[in-house]
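Structure assessment
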Amino acid sequence: MDDVSPQAFIDAVMAYQKTAAVKAAVALDLFTAIADENGELERIARRAQCAERGVRMLCDYLTVQGFLQKEAGRYRLTPSTSTFLTTSSPAWMGSIVDFLAAPELMSQWLEDPVSFVRNGGSVGSGNLAPDNPIWVKFARAMAPFVVQTAQGIAEQVSTWPKPPKRVLDIAAGHGLFGIAIAKALADVEVVATDWQAVLEVAEENALSAGVSKRHRTLPGSAFEVEWGRDFDLALLTNFLHHFDPPTCVRLLAKVRKSLSPGGRVLAVEMVPNDDRVSPPFAAAFSFVMLASTPRGDAYTAREFEQMGREAGFTKVQAAPLPPSPQSAVVFE
């Protein structure tokens with residue numbers, strides 16, 4: 001039997017403190033400093049240009065929270081912290097703080113959480129208003145979070161019996177999913193659609209990846225822009241969850257009309273089990289949608305299958321994308 005304790009409640013109420021500590025550490029590049037300065041407090045503080053007292057208290061708090069280890073007055077990184085939070089690591093993902101803990105998102109969550117529960121949704125960042133600057137911030141900040149997943153998708157697509165030649169990247173954002181496929185398949189051409197300001201980020205990423213000559217952009221709403229026909233693959237990565245099922249069906253039906261014979265739609269989504277409380281990360285994502293969209297949700301595989309059938313697809317399959325908490329949902 002579990003101990004009767006208020007600890008989980010207290011931890012949840014004070015969770016903003018952990019967010020503040022991580023934001024400060026990332027902004028100061030503290031974890032890289034700890035690695036480079038051999039964990040010595042005085043040298044870390046000097047490098048971060050901070051009061052030694054402030055750095056000590058922050059590092060001690062991060063040790064308590066499991067980000068660091070402390071021995072004989074020196075701080076050490078954990079393997080996960082070293083991998084994901086030092087700027088010298090190719091897997092660094094500190095930039096996601098700029099979006100996930102952005103002031104506009106924090107206020108949206110904390111100012112009046114009762115309102116989005118009572119309303120069954122929010123008019124916050126998920127309203128997808130044209131050229132909302134939050135999506136530019138998303139495109140720039142969240143790229144490290146999806147790089148590995150994008151590469152995994154590209155590897156999967158490249159093994160198909162008939163790999164795609166024309167790819168439509170809907171609500172492309174940073175564009176990394178289409179770009180990864182273009183890197184994996186030398187004859188692929190990608191058309192990326194999103195708001196113009198967001199597509200500028202995708203264009204920068206395509207140029208950096210060396211595929212800009214095969215990467216074209218088409219600005220506008222996914223529900224309004226005419227992107228053409230005869231696409232072998234349409235990508236809907238991290239997009240369907242923003243909408244209610246009827247809207248998802250309408251979008252999927254539009255996409256289906258743009259496919260070549262045998263073409264597929266590949267969505268990347270958080271897909272909880274039918275019980276809607278497992279696995280934890282995917283299941284908790286529905287609350288994220290409650291707070292940030294008017295009618296979005298984290299849909300189960302069964303729900304995606306129903307949407308696909310209503311949109312005219314005959315086969316829908318969902319499969320996990322480890323080590324990410326997301327799944328690939330393929331509509332054929």
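Only a predicted model underlies this, so the values are computations on that prediction, with no experimental measurement involved. (Residues numbered from 1 in each chain as written. Predicted model: local features only at pLDDT ≥ 70, side-chain atom pairs only at ≥ 80, totals over all residues. Heavy atoms only, no water.)

Broken down by element type, the protein carries 16 helices and nine strands. Here the protein has a C-alpha radius of gyration of 22 Å; the compact-globule value for 332 residues is 20 Å, and the two agree. Here the C-alpha coordinates of the protein stretch approximately 65 × 50 × 40 Å along the principal axes. Counting across all 332 residues of the protein, residues that qualify as buried make up 47%. When contacts within the protein are restricted to residue pairs at least 6 apart in sequence, long-range pairs at least 24 apart make up 67% of them. About 16900 Å² of surface is accessible on the protein, with carbon and sulfur atoms providing 55% of the total. (Helix = DSSP H or I, 4+ residues; strand = E, 2+ residues; numbered from the N terminus. Rg over C-alpha atoms; globule rule 2.2 N^0.38 Å. Buried < 20%, exposed > 50% of the residue type's maximum accessible area, 1.4 Å probe, protein only. Contact = heavy atoms within 4.5 Å. Areas by Shrake-Rupley, 256 points an atom, 1.4 Å probe, with all protein chains shown as cover.)

Helix α12 (residues 176-184) packs onto helix α11 (residues 143-158) with a crossing angle of 40° between their chain directions and a minimal axis gap of 8 Å. As the angle between them shows, α11 and α12 are arranged oblique. By crossing handedness, the relation of α11 to α12 is classed as right-handed. Contact residues: A143, V146, V147, T149, A150, Q151, I153, A154 and V157 in α11; L176, F177, A180, I181 and A184 in α12. Among the residues forming the contact of α11 with α12, the class breakdown is twelve nonpolar, two polar and no charged. (Axes fitted to C-alpha atoms, helices over the stretch in contact; angles between N-to-C directions. Parallel < 35°, antiparallel > 145°, perpendicular 65-115°, else oblique. Left-handed = near helix turned anticlockwise from the far one by under 90°. Nonpolar A, V, L, I, M, F, W, Y, C, P; charged D, E, K, R; others polar.)

Taken in spatial order, the seven strands line up as β5-β4-β3-β6-β7-β9-β8 in an open sheet, and their pairing is mixed. The sheet is open, and its two edges are formed by β5 (215-219) and β8 (316-320), each paired on a single side. Across the sheet, the mean angle from the axis of one strand to that of its neighbour is 20°, orientation sign disregarded. As judged from the four bridges shared by strand β3 (residues 166-170) and strand β6 (residues 231-237), these two strands associate in the parallel manner. (Pairing = 2+ DSSP bridges.)

Further remarks concern the side chain of K254. One can find K254 in helix α14 (residues 245-257). It is E226 that comes nearest to the buried, bridge-free K254 among opposite-charge side chains, at 5.0 Å. Setting aside anything within four residues of it in sequence, one finds K254 in contact with A222, F223, E224, V225 and W227. (Lys, Arg positive; Asp, Glu negative; His and termini not counted. Salt bridge = Lys/Arg side-chain N within 4 Å of Asp/Glu carboxyl O.)

So, about the side chain of S260. Along the chain, S260 turns up in strand β7 (residues 259-269). Looking at S260, the relative accessible area reads 12%, which means it is buried. A distance of 2.8 Å separates the side chain of S260 from the side chain of D232, its partner in a polar contact. Those residues in contact with S260 that lie beyond four places of it in its chain are D230, F231 and D232. (Polar contact = N/O pair within 3.5 Å; in protein donor to acceptor, adjacent residues only side chain to side chain.)

I170, W227, L236 and F331 are the most contacted members of the largest nonpolar core, which has 31 residues in total. Residue assignment for this core shows that the elements contributing at least two residues are β3, β6, α14, β7, α16 (301-311) and β9 (327-331). Counting residues per element, this core draws most heavily on α14, at five residues. Excluding its chain neighbours within four sequence positions, the residues that come into contact with L236 are I170, L251, L252, V255, V265, L266, A267 and V268. The next biggest cluster of nonpolar side chains, apart from the first, holds 26 residues, and it includes A143, F177, A206 and L321. (Core = buried A, V, L, I, M, F, W, Y, C linked by side-chain atoms within 4.5 Å.)

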